[in-house]
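Architecture at a glance
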Amino acid sequence: MLDTALAGLVNGSSYALLALGLSLIFGVANVINFAHASVFAVGAMSGWWFAVDLGWPLWAVVLGVAVVTGLLGLVINVVAVTPLAKAPPIAALLSTFAVSVVVDNGAQLVFGPETRRFPALLATDNLGLGGLRFGTLDVTILVVAVGLMLLLGWFLRSSRYGRAIRAVAQDRDAAAQMGIPLARVQNLAFVVASVLGGVAGVLGGMYLNNISPTVGSTVGMSAFAAATLGGLGSLPGAVAGGLLLGVVEAFGVSWWGGNARTLITFAVLLIVLWVRPSGLFGKRAPLAAEPMTGTFFGAARTIQLRPWQVAVAAVAAYVVPAVALDDYTVQIGVQVVVYAILALSLTLVSGQAGQISLGQAAPLAIGAYTSALLTTSTGLDFWLSLPIAGVVAAVLSVVLVSPSWRLRGHYVSIATLATGLLVAAAAVNFDWLTNGPSGVAAIPPPTLFGAPVSAPLAVYFLDLTILLVVLLLVVRLRRSTLGRIWSAVREDEVAARSSGIAVADYKSLAFGIGGFVAGIGGALFAQQYSYIDPSVFGISVSLLALTIVVLGGLNSPLGAVVGAIVLVGLPEALRMLQETRMLAYGVLLLAVVLLRPQGLMGKVAR
């Protein structure tokens, strides 16, 4: 029992350091920094390089990592966050996501993609107290982590720039009027947060033993949960959240195994948010509406195509692949179509109803598993499983998201993120239903007039036809009375409620219909690959779907299709760049976010 608690505190120390950085940046810049997990990975990998290739002692490794990650944090702020200071927070969120793609793939080019063993700089089992066994490594991690937390607390309370950071975090406008240099303070906050993240990478590397350039993704999500658990922007909350989550995870893993870690993390997060909507130490957000709503660029309008232009594009979508593309390119086209359907579900939820979802992979996964299990286990025909997949995804989406209507501000989006990760974790742990990590195989293709639809071109035509039906449905919904009510909720939730609109019910309806559309996409996804497992429905799918709709224009159904063509087709188009293609993809995505924030299908209103 004590061994497990100690292991949880040691692991939770890394979470707490990362969560401190996340909360510090959020408090100063009001930005959810998705690149912070990549800073953790850079800290771990550069620490490995200092220790193994250069032979530095531990103190020099920590110092070197602090310099590297501090500079990286400064670059992230200057390049990806500061230029979007006047844009909605979602712009900076997406730009930090693009930076994380660049940093992760850049680290793979520099260090290589393989997993390696972090050197044993300290003993792991050389001390004892009573019946408790532990090592110098455990003591060092706890001492360094606690020391850095105390040092940060002293810096924020007693130093000039620390007080400036606190002032900016409390009231940015008032701080500016008092003459505090906001840009310099924000740079400092990113540097301090990134140093903490880098040191956490070294400590985490020593504790985990094995590291890779993508090690930050898993730890980063847990740290993100810890920061939210404690209350975004609350530094004591970040520490408490990190340590609490580490201990809970340690006991959960000891009882139910390592696969239960993610399930425990995000189940605890959701339960705490439902009971205490602002986290353990957070204050009730004064905002009544989700702050990441509206168009990507506030003054943007959607570019409207004439009916004949839409008709020509639809005909070209059928003809060109049939006469000019090979099977491989057509298969890419099938992926584009499926992601376009997923993105259209977000156009309803986020663009029309104004509720940003970071977990849209959840209804996609529910639809995929529903269709796959019905067609493989019961022999049900695909055409019957298709609407059932949509209905099941719709019902579960509403059930899982509805408790979040008590939340405010960023917590709504975070709850959707937790829901998405929870569904993927449930697919791993519910072996009796989903076959666990092994997934569902041999999913039969659809049949049409008795013939299987399995050739790439036939699958493409089928999926494209369903996409056009969904596109027409979304356009009609936007122009209906229901669409106008959703718009009213999006534009001013308080005014909508004052007018007698049942805001929570209409939000649930948006998630329900969006979940139905995503579930349909999931069924097509499962039939396309004939195999699914939980790993394909991770956070990257949700973020890709959100990026697609933002890139195309958050409130534009056609923009969702254009965004899918660019963001799903572009990595394949960049395949000639081989190992640098994802790096190039990240750079291009960042450039689009910075240079065309209104989206490809939006234009600036005059």
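The model shown is predicted, which means the values in this text are computed figures rather than measured ones.

As for the overall build of the protein chain
- Secondary structure summary: the protein chain contains 24 helices and 8 strands in total.
- The C-alpha atoms of the protein chain give a radius of gyration of 24 Å, which matches the 25 Å a tight globule of 606 residues would have.
- Seen through its C-alpha atoms, the protein chain measures out along the principal axes to roughly 75 × 55 × 45 Å.
- Going through the 606 residues of the protein chain one by one, you find that 55% of them count as buried.
- For the protein chain, contacts bridging at least 24 residues in sequence account for 78% of all contacts bridging at least 6.
- A total of about 24600 Å² of accessible surface is found on the protein chain, and carbon and sulfur atoms cover 67% of it.

A word on the pattern of salt bridges
- In total, this model carries 3 salt bridges according to the counting rule given.
- Among the ionic pairs, E114 bridges to R116, the shortest N-O distance being 3.4 Å.
- For E114, a relative accessible area of 44% corresponds to the partly exposed category.
- Two residues, K507 and E493, come together in a salt bridge whose shortest N-O distance is 3.2 Å. With K507 in helix α21 (residues 503–529) and E493 in helix α20 (residues 493–498), the pair connects residues that are 14 residues apart, well separated along the chain. In this structure, K507 and E493 share a single accessibility class: buried.
- Salt bridges sharing common partners tie together E493, R497 and K507.

With respect to the packing of helix α2 (residues 36–52) against helix α9 (residues 216–230)
- At a minimum axis distance of 8 Å, the contact between α2 and α9 shows a crossing angle of 130°. Relative to α9, the element α2 lies oblique. Here α2 runs over α9; the crossing is right-handed. Across the interface between the two elements, A37, F40 and A41 of α2 pack against G216, V219 and G220 of α9.
- Within the contact of α2 with α9, the residues separate by chemical class into 4 nonpolar, 2 polar and no charged.

Some remarks on the packing of helix α19 (residues 481–491) against α21
- It is at 10 Å that the axes of α19 and α21 come closest, and there the two elements cross at 120°. Considering the relative orientation of α19 and α21, their crossing is left-handed. Packed against α19, whose contacting residues are L482, I485, W486 and V489, the element α21 presents V503, Y506, K507, L509, A510 and I513 at the interface.
- Its residues placed into classes, the contact of α19 with α21 shows 9 nonpolar, no polar and 1 charged.

A few points about unusual backbone geometry
- Residues other than glycine seldom take positive phi values, yet F449 does so here, at roughly 55°.
- With respect to the helices and strands, the residue F449 is situated in the loop between β6 (447–448) and β7 (451–452).
- Even without a glycine there, the phi angle at S530 is positive, about 60°.
- For S530, the position within the fold is in the loop between α21 and α22 (539–552).

Focus: the packing of aromatic side chains
- Taken as a whole and judged by the stated rule, the model has 11 aromatic pairs.
- Taken together, a centroid distance of 5.4 Å and an interplanar angle of 50° make the contact between W49 and F50 tilted.
- Considering the side-chain rings of F382 and W383, the 5.2 Å spacing of their centres and the 75° angle between planes classify their relative orientation as edge-to-face.
- Take W383: its relative accessible area is 31%, and that puts it in the partly exposed class.
- Connected via pairs of aromatic rings, a cluster forms that spans Y369, F525, Y529 and F537.

Re a nonpolar patch on the surface
- Together, V67, L71, L74, V75, V78 and V79 give the surface a local cluster of nonpolar side chains, amounting to about 480 Å² of exposed area.
- Tracing the backbone through its elements, the reader meets L71 in helix α3 (residues 58–81).

Observations regarding the side chain of T347
- Note on placement: T347 falls in helix α13 (residues 327–352).
- On the accessibility criterion, T347 (0% relative accessible area) is buried.

Section: the side chain of T419
- By secondary structure assignment, the location of T419 is in helix α16 (residues 410–429).
- Judged by relative accessible area, T419 falls into the buried class, the value being 5%.
- In this structure, T419 is in contact with L270, A362 and L400, ignoring residues within four places of it in sequence.

A short note on the environment of S454
- Mapped onto the fold, S454 is located in the loop between β7 and α18 (456–479).
- When the C-alpha positions of S454 and A368 are compared, they lie 17 Å apart, and in sequence the two are 86 residues distant.
- S454 has contacts with P445 and V459, leaving out every residue within four places of it along the chain.

Cut-offs applied
Residues numbered from 1 in each chain as written. Predicted model: local features only at pLDDT ≥ 70, side-chain atom pairs only at ≥ 80, totals over all residues. Heavy atoms only, no water. Helix = DSSP H or I, 4+ residues; strand = E, 2+ residues; numbered from the N terminus. Rg over C-alpha atoms; globule rule 2.2 N^0.38 Å. Buried < 20%, exposed > 50% of the residue type's maximum accessible area, 1.4 Å probe, protein only. Contact = heavy atoms within 4.5 Å. Areas by Shrake-Rupley, 256 points an atom, 1.4 Å probe, with all protein chains shown as cover. Salt bridge = Lys/Arg side-chain N within 4 Å of Asp/Glu carboxyl O. Axes fitted to C-alpha atoms, helices over the stretch in contact; angles between N-to-C directions. Parallel < 35°, antiparallel > 145°, perpendicular 65-115°, else oblique. Left-handed = near helix turned anticlockwise from the far one by under 90°. Nonpolar A, V, L, I, M, F, W, Y, C, P; charged D, E, K, R; others polar. Phe/Tyr/Trp six-rings, centres within 6.5 Å; stacked < 30°, edge-to-face > 60°. Patch = residues over 30% accessible without salt bridge, like charges linked within 9 Å, V, L, I, M, F, W, Y side chains within 5 Å.

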